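Tertiary structure, described
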Amino acid sequence: QSVLTQPPSASGTPGQRVTISCSGSSSNIGSNTVSWFQQLPGTAPKLLIYSSRQRPSGVPDRFSGSKSGTSASLAISGLQSEDEADYYCAAWDDSLDGYVFGTGTKVTVL
Amino acid sequence: QVQLQQSGPGLVKPSQTLSLTCAISGDSVSTNSATWNWIRQSPSRGLEWLGRTYYTSKWYSDYAVSVKSRIAINPDTSKNQFSLQLNSVTPEDTAVYYCVRGGKYSGWYYFDNWGQGTLVTVSS
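Residues numbered from 1 in each chain as written. Chains lettered and ligands numbered in written order. Predicted model: local features only at pLDDT ≥ 70, side-chain atom pairs only at ≥ 80, totals over all residues. Heavy atoms only, no water.

**So, the sheet that holds strand 2 (residues 18–23) of chain A**
All names here are of chain A. Basically, it comes down to this: At least two DSSP bridges between two strands are needed for those strands to be called paired. Here a strand is any run of E in DSSP of at least two residues, a helix any run of H or I of at least four, and the numbering for each starts at the N terminus. Here the axes come from fitting lines to C-alpha atoms, over the contacting stretch only for helices, and the angles between their N-to-C directions go from 0 to 180 degrees.
Pairing within the open sheet is antiparallel, and its three strands lie in the order 2-6-5. In this open sheet, the two strands that pair with only one neighbour each are strand 2 and strand 5 (63–68). In this sheet, neighbouring strand axes are inclined to one another by 20° on average, regardless of whether the strands run parallel or antiparallel. Bridge count for strand 5 against strand 6 (residues 71–76) is six bridges, and the pairing is antiparallel. The partner of Gly65 across the bridge, within strand 6, is Leu74.

**A few points about the pairing of strand 4 (residues 34–42) of chain B**
All names here are of chain B. The cut-off we apply is this: Partly exposed residues are those whose accessible area sits between 20% and 50% of the maximum for their type, while under 20% is buried and over 50% is exposed, using a 1.4 Å probe and protein chains only.
Most of strand 4 is tucked away, with nine of its nine residues classed as buried. Burial along strand 4 is two-sided: Ala34, Trp36, Trp38, Arg40 and Ser42 facing one way and Thr35, Asn37, Ile39 and Gln41 facing the other are all buried. Bridging between strand 4 and strand 9 (residues 95–105) involves eight bridges; their strand directions are antiparallel. By the bridge assignment, Trp36 is partnered in strand 9 with Arg101. Here strand 4 pairs with strand 5 (residues 46–56) via seven bridges, running antiparallel. In the sheet register, Asn37 faces strand 5, and the bridge partner there is Arg52. From the end of strand 4 to the start of strand 5, which pair antiparallel, there are three residues.

**Notes on the state of the cysteines**
Residues and elements named next belong to chain A. Which entries qualify depends on this criterion: Put simply, a disulfide is two cysteine sulfurs that come within 2.5 Å.
Enumeration according to the criterion identifies two disulfides over all chains in this entry. For Cys22, the disulfide goes to Cys89, at an S-S distance of 2.0 Å. Looking along the S-S bond of the Cys22-Cys89 disulfide, the torsion reads about 75°, which is the right-handed sense. Of the two residues, Cys22 sits in strand 2 while Cys89 sits in strand 7 (residues 85–93), which places them 67 residues apart along the sequence.

**Describing the interface of chain B and chain A**
Note: interface size is frequently given as the accessible area lost on complex formation between the parts. The condition is simple: What makes two residues a contact is simply this: any of their non-hydrogen atoms within 4.5 Å. Once two parts are put together, the accessible area they lose, assessed with a 1.4 Å probe and summed over both, is termed the buried area. When a carboxyl oxygen of Asp or Glu is within 4 Å of a side-chain nitrogen of Lys or Arg, the pair counts as a salt bridge. Two N or O atoms form a polar contact when they lie within 3.5 Å of each other; inside protein one atom must be a possible hydrogen donor and the other a possible acceptor, and for residues adjacent in sequence the pair counts only when both atoms belong to side chains. Residue polarity follows a fixed list, in which Ala, Val, Leu, Ile, Met, Phe, Trp, Tyr, Cys and Pro are nonpolar, Asp, Glu, Lys and Arg are charged, and the others, Gly among them, are polar.
Across the contact, 19 residues belong to chain B and 20 residues belong to chain A. Taken over both partners, the interface formed by chain B and chain A buries close to 1,900 Å², and the fraction arising from carbon and sulfur atoms is 63%. Area buried by chain B at its contact with chain A is led by Leu47, Tyr110 and Phe111 of chain B, which between them contribute 33% of it. Here chain B and chain A share zero salt bridges between them. The tally of links between chain B and chain A comes to five residue pairs in polar contact (both at pLDDT 80 or more). Among the elements that line the side of chain B that touches chain A, the one with the most residues is strand 10 (residues 108–114) of chain B, at six residues. Along the lines of polarity and charge, the residues of the side of chain B that touches chain A split into eleven nonpolar, four polar and four charged.

**Description of the nonpolar core**
The cut-off we apply is this: Nonpolar cores were defined as sets of buried Ala, Val, Leu, Ile, Met, Phe, Trp, Tyr and Cys residues, with membership established by side-chain atoms within 4.5 Å.
Ranked by size, the top nonpolar core spans 44 residues in total, and within it Leu18, Trp38, Phe82, Leu84, Tyr97 and Phe111 of chain B carry the most contacts. The greatest single-element share of this core, amounting to five residues, is contributed by strand 9 of chain B. Of all hydrophobic cores here, the second largest spans 23 residues; its members include Trp36, Leu48, Phe63 and Ala72 of chain A.

**Quick word on the pattern of salt bridges**
All names here are of chain B. One pass over the structure, following the stated rule, counts nine salt bridges over all chains. A salt bridge links Arg40 to Glu48; the nearest nitrogen and oxygen atoms lie 2.8 Å apart. Taken individually, Arg40 and Glu48 each receive the classification buried, so the pair is uniform in this respect. The closest approach of N and O atoms between Asp112 and Arg101, which form a salt bridge, is 2.6 Å. Pair noted here: Asp112 is in strand 10 and Arg101 is in strand 9, with a separation of eleven residues, a long-range link. Asp112 sits in the buried class, given a relative accessible area of 15%.

Structure, rendered in structure tokens:
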């Protein structure tokens, strides 16, 4: 069962900015870095953000991450139709001694 | 370019052992710059990290509390692959299983390369 809480859905029109939140606790987001993943239908998750705000090479700069206290956010600016996917956050949890994931957010491009 | 190729049965009977293998190309299972993980995904449990193996002077394995009593993740250096064994499975273990590399970035490990996924169904 997922330990990090995300809104189940988010939406926007092409070109808009969409923000997804990820809420945790002092044992995970509060003391460790956050990563974000994009999962297109029928495919494996893909790393979008690491170290809370860094992008791997090849990830467009439309995607940005931030972290404050026990919460993190992923922002998608200039929303495009190909951004329609599920998005997940993840972090190491010091109490569980393992990685925990978010509940996932489905982004719809209207 | 790192590629992970999974193999193993898609159907396992209750109480039996789930076994999957992940062949690595473009990297080494013995590198000290990565961890080798198994993650599963199901509608009821979402994404769930199961455990990892990695090498830093010696081999280590860490497991999620939820499966710790019945899981083993082992490297096979001769074939450059790693494996998952999950014992005493129940229908609750039905999920898509992924092998995943934890690449090292700024001293931390992040899930940067994923296998294609294997749907494993536990049913008699």
